[in-house]
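Descriptive analysis of the structure
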Amino acid sequence: MSQDRTTPASVVSLEELSSWPEELCRRELPSVLPRLLSMYQHSDSWIEHIQLLKIIVEMFLPHMNHLTLEKTFFSQVLPKTVKLFDDMIYELTSQARELSSQNLEIQSTLRNILQTMVQVLGALTGCVQHVCATQESIVLENIHSLPSSVLHVIKSTFVHCKNSESVYSGRLHLVSDLLQALFKEAYSLQKQLMELLDMVCMDPLVDENDDILNMVIVIHSLLDICLVISSIDSAFHANTWKFIIKQSLKHQSVIKNQLKHKDIITSLCEDILFSFHSCLQLAEQMTQSDTQDNADYRLFHKTLKLCRFFANSLLHYTKEFLTFLSDSCCTLHQLYLQIHSKLPPSLYATTISKAQQEEIAGAFLVTLDPLITQLLTFQPFIQVVLDSQLDLPCELQFPQCLLLVAIMDKLPSQPEDVQVLWCTESQLSEATARVSLLKAIFYSFEQCSGELSLPVRLQGVKTKGQAQVAVTLYQHVCVHLCTFIASAHPSLFPELDAALLNAVLSTKMITSLLAMDAWCFLARYGTAEICAHHVTIVAHLIKSCPGECYQLTNLSILLRRLFFFMAPPHQAEFIQKFSPKEAENLSLWQYISFQALSADLRKQTADEVTRTGTTQCREWLSSGRTLGELESLNTALSALLTVCNSAGEALDIGQQTEITEVGSQLWAFLNKQVTGQPYVQQTFSLLLPLLGFFIQTLDPQLISQVLTLQTSLLKLEPPDHTCLAVLDFVSSLGKLFIPQAIQDKILPNLSCIFALLLADRNWLLEQHTLEAFTLFAEGTNHEEIVPQCLSSEETKNKVVSFLEKTGLIDETDAARVERVKQERGIFSEPFVKVTAEEARWSSLQPCAKRARHEPPLEEEYRAAVQTAAGALEAIELLLQKSPAPDWLLLKMEVLQGKIQKLKRCSL
């Protein structure tokens with residue numbers, strides 16, 4: 001000790017310093033520390049560096065003033081330590097490719113570097129432990145160089161360990177023991193650092209910008225480490241995330257404005273998806289394996305537990321920082337969709353057992369539901385989910401539909417302003433347009449063609465006293481939509497009505513049917529006055545339709561269904577308002593089932609419709625019989641057909657005879673026009689089932705004429721609606737006994753008609769033909785013609801398969817799902833929308849025909865002539881409604897001159 005006192009501290013060697021007692025170190029600190037720090041800064045030797053660092057940390061650090069640690073030690077030593085560590089990492093990476101069991105020199109060099117790195121980590125651990133041991137409450141500003149430096153070194157270590165397979169290639173075993181020691185030391189250092197950071201105190205009332213910035217840097221650095229270790233150690237990864245969330249919430253009031261919330265949410269969502277996919281892979285492996293491996297099952301549960309942890313972390317973070325997550329809503333939305341796209345009943349789901357599916361749902365999916373609840377009131381999330389420009393791939397359409405329905409279920413419990421926000425459209429600009437929730441549901445629903453056609457099955461709604469059963473997607477959406485209608489706030493009724501009407505007018509029939517089902521529920525659930533009001537609105541819409549179009553078809557189906565829910569007094573009012581005595585109202589009565597009326601009203605209305613309809617037919621027969629008047633004739637025939645189908649028992653003999661006579665007279669005129677003028681075929685298609693209804697009283701000669709014409713017409717490949725009308729007529733012959741004298745004229749044509757239709761490749765026509773043929777074969781007294789209808793072996797097999805209810809194609813479930821996925825691409829093609837102008841002219845133009853094998857120019861000639869004829873018929877119709885303008889005659893003369901010129905050119 002006397003020697004220690006006489007020898008100046010400035011010239012004592014490092015070996016001597018390392019043997020100094022604690023008291024001497026404390027006493028000589030002011031004189032020795034500057035020398036040691038200077039040596040550390042100027043040394044070029046890694047070995048000397050680590051030797052100096054260890055001496056300072058182990059012998060002199062305990063005696064330093066903890067309030068001045070940053071200035072006297074950390075800020076002077078740690079930057080050089082970080083550079084030293086980075087240099088060693090670089091040296092390892094550069095020389096690793098030369099590592100081999102034969103090259104002992106490189107092997108020794110690399111191992112020495114790794115050992116030195118372990119010692120550096122140990123020294124840093126000593127620094128962290130010292131701070132933790134000497135301070136109860138830590139002010140980050142007093143040690144701010146320490147956390148940032150330590151985190152940098154830890155991250156570099158983990159990155160090197162993660163990349164070790166590629167860095168050391170096939171020679172990893174030569175250094176694996178030291179890499180393992182390095183990882184453990186970094187792991188321990190991070191745990192110590194997290195303990196230190198947990199002791200940090202930040203006063204929310206004091207705006208210390210440096211302190212806030214330092215804490216934010218620490219959290220973001222830990223986030224970077226999470227990205228590195230996610231595939232190395234799941235438990236450590238989870239603990240790091242737990243610490244990030246904890247510190248973010250602990251210092252929320254002071255750091256909330258500086259945190260990179262989007263990065264945190266994005267990383268958390270990525271980790272959720274990674275763990276979820278790992279969980280699915282394990283579940284799939286167990287499903288495909290014949291034996292249940294306990295190790296796999298434990299790993300599955302461990303991964304599932306990790307999924308739940310990450311999901312709960314996201315839930316907690318989202319709850320506390322919701323107002324800062326505007327730019328994270330798209331990520332959260334995609335998270336929900338991606339998860340549900342990989343689970344049954346999605347067509348793109350991983351194949352897992354029912355038990356594992358339930359485990360995932362019970363442990364993990366339950367956390368997504370409260371997440372959606374938290375986001376319900378957040379307008380940026382609403383904007384993302386209901387974005388009018390949202391363009392999702394096929395596999396995410398079904399999850400989007402499920403999400404929208406889940407949101408709809410939650411809305412009734414939300415305040416009115418939140419409900420209004422979801423259920424109303426908004427268009428601040430073209431880029432930020434938002435559709436209403438109901439419109440989005442209908443659109444999303446119609447994109448799920450594959451799920452609807454299979455159909456996929458979902459859990460049904462639980463009801464008292466009944467077991468929960470699986471339901472189709474259609475049933476699922478319909479039930480939840482009706483539930484929402486029953487509980488929606490009254491202020492949403494205008495939006496509801498508009499959404500239902502728009503969906504009814506959809507080009508997609510499945511969407512229209514869904515809206516009709518919901519509308520019918522509304523009619524039953526609401527008051528009788530609401531139902532009557534809706535029926536009146538639909539009736540006016542039908543009368544305002546400019547011509548035949550898909551919208552008119554949809555509205556007519558809705559009118560027919562809603563009419564059943566009207567109260568009798570309101571039905572009577574409807575009859576007065578839209579009296580069937582007036583010909584213009586037949587356009588409504590052709591769509592209404594008379595079964596919806598009471599017996600008295602049914603009799604009265606059927607009589608009036610019959611009288612008005614037959615009068616219209618006779619007026620047409622006695623008039624000029626122009627094509628422009630065919631529309632009113634078609635309406636009258638359609639109304640008469642409706643009476644026969646839904647109120648036939650209300651017709652007396654006189655009325656039946658009158659309809660039959662009118663039908664026979666129309667037939668006498670129209671049968672000469674059908675084959676030459678295709679636009680008469682619509683009228684013909686209405687007349688056939690009307691004649692078929694009175695088949696028992698028709699003259700056999702007339703029946704023979706009808707069948708002869710039908711045979712000729714089918715050979716010309718008429719439109720489908722004409723073929724279906726032919727089917728309707730021939731199927732009615734099943735119970736008719738045909739007199740012997742005329743059998744040779746009727747039966748051959750009958751068998752020819754069935755043979756032609758059974759050979760048709762149109763799937764819809766084929767199905768109707770099989771049904772009609774079966775009905776005919778079961779009821780006919782002329783069994784001998786049944787085999788004559790089966791003109792080929794293929795047709796015979798088709799009929800046998802239909803009768804036995806067996807498919808022609810044996811298809812596995814997996815193959816069917818794949819086929820449906822491929823078909824979805826076809827169904828997703830945009831439908832051609834009928835414009836109002838096209839609808840106005842459609843009733844005056846020829847019906848569309850199937851393509852015939854004619855020269856292209858001849859087809860063009862035919863189309864041009866038909867268009868010209870349609871235009872002339874339109875002018876004729878206008879002249880009947882109002883006087884001609886002065887210029888019309890001049891224009892007609894010009895057109896006549898062009899016609900004469902065309903005649904000369906064609907000669």
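Residues numbered from 1 in each chain as written. Predicted model: local features only at pLDDT ≥ 70, side-chain atom pairs only at ≥ 80, totals over all residues. Heavy atoms only, no water.

1. Overview of the overall build of the chain
Going by this rule: Strands here mean DSSP runs of E at least two residues long; helices mean DSSP runs of H or I at least four residues long; both are numbered from the N terminus. Using a 1.4 Å probe on the protein chains alone, a residue whose accessible area is under 20% of its type maximum counts as buried, one over 50% counts as exposed, and one in between counts as partly exposed. The contact criterion used is simple: two residues touch if any of their non-hydrogen atoms lie within 4.5 Å. What sets the accessible areas is the Shrake-Rupley method with a 1.4 Å probe; for residues, cover comes only from the shown protein chains.
Counting its regular elements, the chain contains 43 helices and 4 strands. Put simply, the chain has 907 residues, and 48% of those count as buried. In the chain, the proportion of contacts linking residues at least 24 apart, taken out of those at least 6 apart, comes to 75%. Of the roughly 44,200 Å² of accessible surface on the chain, a fraction of 55% belongs to carbon and sulfur atoms.

2. With respect to helix α3 (residues 22-42)
Keep this limit in mind: What a helix is expected to span follows from its residue count: subtract one and scale by 1.5 Å. At every residue, the bend is computed as the angle between two fitted axes, covering the seven residues ending there and the seven beginning there respectively.
Along its 21 residues, α3 runs just 26 Å from first to last C-alpha, ending more than 12% under the 30 Å computed at 1.5 Å per residue. In α3, a bend of some 80° at leucine 29 exceeds every other bend along the element, and proline 30, a proline, comes one to four places later. Among the residues of α3, Leu24, Cys25, Glu28, Leu29, Val32, Leu33, Arg35, Leu36, Leu37 and Tyr40 are the ones counted as buried.

3. Some thoughts on the confidence of the model for the chain
Rule in force here: Every residue is assigned a pLDDT by the predictor, reflecting its confidence on a scale from 0 to 100.
Per-chain confidence: the chain averages 86 in pLDDT, with 89% of residues scoring 70 or above. Here residues 1-9 scores under 50 on pLDDT; set against residues more than four positions off or in separate chains, the count is 9 contacts.

4. Comments concerning the packing of aromatic side chains
Quick reminder of the rule: Paired rings are identified among Phe, Tyr and Trp, the last through its six-membered ring, by centres lying within 6.5 Å, and are further divided according to the angle between planes into stacked (under 30 degrees), edge-to-face (over 60) and tilted (the rest).
Within the structure shown, the criterion is met by 22 aromatic pairs. Aromatic pair phenylalanine 309 and phenylalanine 310: ring centres 5.4 Å apart, planes at 55°, arrangement tilted. You can call phenylalanine 310 buried: its relative accessible area is 1%. One aromatic cluster in this structure is built from Phe563, Phe574, Phe578, Trp589 and Phe594.

5. A word on the nonpolar core
Soluble globular proteins tend to pack their nonpolar side chains together in the buried interior. Our working definition: To define a nonpolar core, start from buried Ala, Val, Leu, Ile, Met, Phe, Trp, Tyr and Cys residues and group those joined through side-chain atoms within 4.5 Å.
Counting residues in hydrophobic clusters, the biggest one holds 286 residues, and the most contacted among them are Phe60, Trp422 and Phe729. For this core, the element with the highest residue contribution is helix α6 (residues 104-134), accounting for 14 residues.

6. Digging into the packing of helix α35 (residues 720-731) against helix α36 (residues 740-758)
Note the following rule: The axes are straight lines fitted to the C-alpha atoms, using for helices just the contacting stretch, and the angles between their N-to-C directions are given from 0 to 180°. For classification purposes, angles smaller than 35 degrees are called roughly parallel, those larger than 145 roughly antiparallel, those between 65 and 115 roughly perpendicular, and all remaining angles oblique. Two helices that cross are described as forming a left-handed crossing if the nearer one is turned anticlockwise from the farther one by less than a right angle, and a right-handed crossing if clockwise. Amino acids outside the nonpolar list (Ala, Val, Leu, Ile, Met, Phe, Trp, Tyr, Cys, Pro) and the charged list (Asp, Glu, Lys, Arg) are all regarded as polar, and Gly is one of them.
Following both chains from N to C, one finds α35 and α36 inclined at 135°, their axes separated by 11 Å at the closest point. One finds that α35 runs oblique with respect to α36. Where α35 crosses over α36, the two elements pack in a sense that is left-handed. Residues Cys723, Val726, Leu727 and Val730 of α35 pack against Leu750, Ile753, Phe754 and Leu757 of α36. Residue composition of the contact of α35 with α36, by class: 8 nonpolar, no polar and no charged.

7. Notes on helix α4 (residues 46-60)
The condition that has to hold: Here a polar contact means two N or O atoms within 3.5 Å. Within protein one must be a hydrogen donor candidate and the other an acceptor candidate, and residues neighboring in sequence count only if both atoms are side-chain atoms.
Between the first and last C-alpha of α4 there are 20 Å, a value that for 15 residues agrees with the 21 Å anticipated at 1.5 Å per step. Residues of α4 that are buried include every one of His49, Ile50, Leu52, Leu53, Ile55, Ile56, Val57, Met59 and Phe60, and no others. The N-terminus of α4 is capped by serine 45, whose side-chain oxygen sits 3.3 Å from the backbone nitrogen of isoleucine 47.

8. Things to note about the layout of surface pockets
What counts is decided by this rule: Cavity and pocket criteria rest on a 1 Å grid covering protein atoms alone: a 1.4 Å probe that fits but cannot get out defines a cavity, protein on both sides within 12 Å along at least 5 of 7 lines defines an open pocket, and an atom within 4 Å of a point defines a lining residue. Grid points are joined across faces, edges and corners, and a volume is the space filled by probe spheres set on the points.
Considering only enclosed or pocket space, the second largest pocket measures out at about 1,100 Å³ in volume. Lining the second largest pocket are 30 residues, and of these His340, Ala361, Leu365, Leu458 and Gln459 sit closest to its centre. For the lining of the second largest pocket, the element with the most residues is helix α19 (residues 394-410), which contributes 6 residues. By residue class, the composition of the lining of the second largest pocket is 17 nonpolar, 7 polar and 6 charged.

9. As for the environment of glutamine 682
By the element assignment, glutamine 682 lies in helix α33 (residues 681-693). With a relative accessible area of 27%, glutamine 682 lands in the partly exposed category. Placed 52 residues apart in sequence, glutamine 682 and leucine 630 show a C-alpha to C-alpha distance of 9.1 Å.

10. Describing the pattern of salt bridges
Here is the rule: The working definition used for a salt bridge is a side-chain nitrogen of Lys or Arg within 4 Å of a carboxyl oxygen of Asp or Glu.
Enumeration according to the criterion identifies 14 salt bridges in this entry. A salt bridge links glutamate 28 to arginine 27, with the nearest nitrogen and oxygen atoms 4.0 Å apart. Take arginine 27: its relative accessible area is 39%, and that puts it in the partly exposed class. The closest approach of N and O atoms between aspartate 87 and lysine 83, which form a salt bridge, is 3.1 Å. Residue aspartate 87 and its partner lysine 83 are located together in helix α5 (residues 69-95), separated by 4 residues, close to a single helical turn. For aspartate 87, a relative accessible area of 30% gives the class partly exposed.

11. Some details on unusual backbone geometry
For the bond from proline 344 to proline 345, the omega torsion is 10°, close enough to zero to count as cis. That bond from leucine 454 to proline 455 is cis: its omega, -10°, falls within 30 degrees of zero. Within the element layout of this structure, proline 455 appears in the loop between α22 (449-453) and β3 (457-459).

12. Re the side chain of serine 512
In this structure, serine 512 sits in helix α25 (residues 509-525). In this structure the side chain of serine 512 is engaged in a polar contact, spanning 3.5 Å, whose partner is the side chain of asparagine 554. If we skip the residues at most four places from it in the chain, serine 512 touches Ala503, Val504 and Asn554.

13. Overview of the packing of helix α24 (residues 493-504) against α25
Running from N to C, α24 and α25 cross one another at 140°; their axes reach a closest spacing of 7 Å. Between α24 and α25, the angle is such that the two are oblique. The hand of the α24/α25 crossing is left-handed. From α24, Leu496, Asp497, Leu500, Leu501, Ala503 and Val504 reach across to α25, where they touch Thr511, Ser512, Ala515, Met516, Ala518, Trp519 and Leu522.

14. Some words on the environment of proline 380
Counting through the fold element by element, proline 380 comes out in helix α18 (residues 379-385). Taking the C-alpha atoms as reference points, proline 380 and cysteine 330, separated by 50 residues in sequence, lie 9.0 Å from one another. Apart from residues lying up to four places away in sequence, proline 380 is in contact with Ser326 and Cys329.

15. A few points about the state of the cysteines
Cut-off, in case you're wondering: For the purposes of this analysis, a disulfide is any pair of cysteine sulfur atoms at a distance within 2.5 Å.
Scanning the model with the defined rule gives 0 disulfides in all. Cysteine 330 carries a free sulfur, and the closest cysteine sulfur to it, the one in cysteine 329, is 8.8 Å from it. Taking relative accessible area as the criterion, cysteine 330 reaches 44% and is therefore assigned partly exposed.

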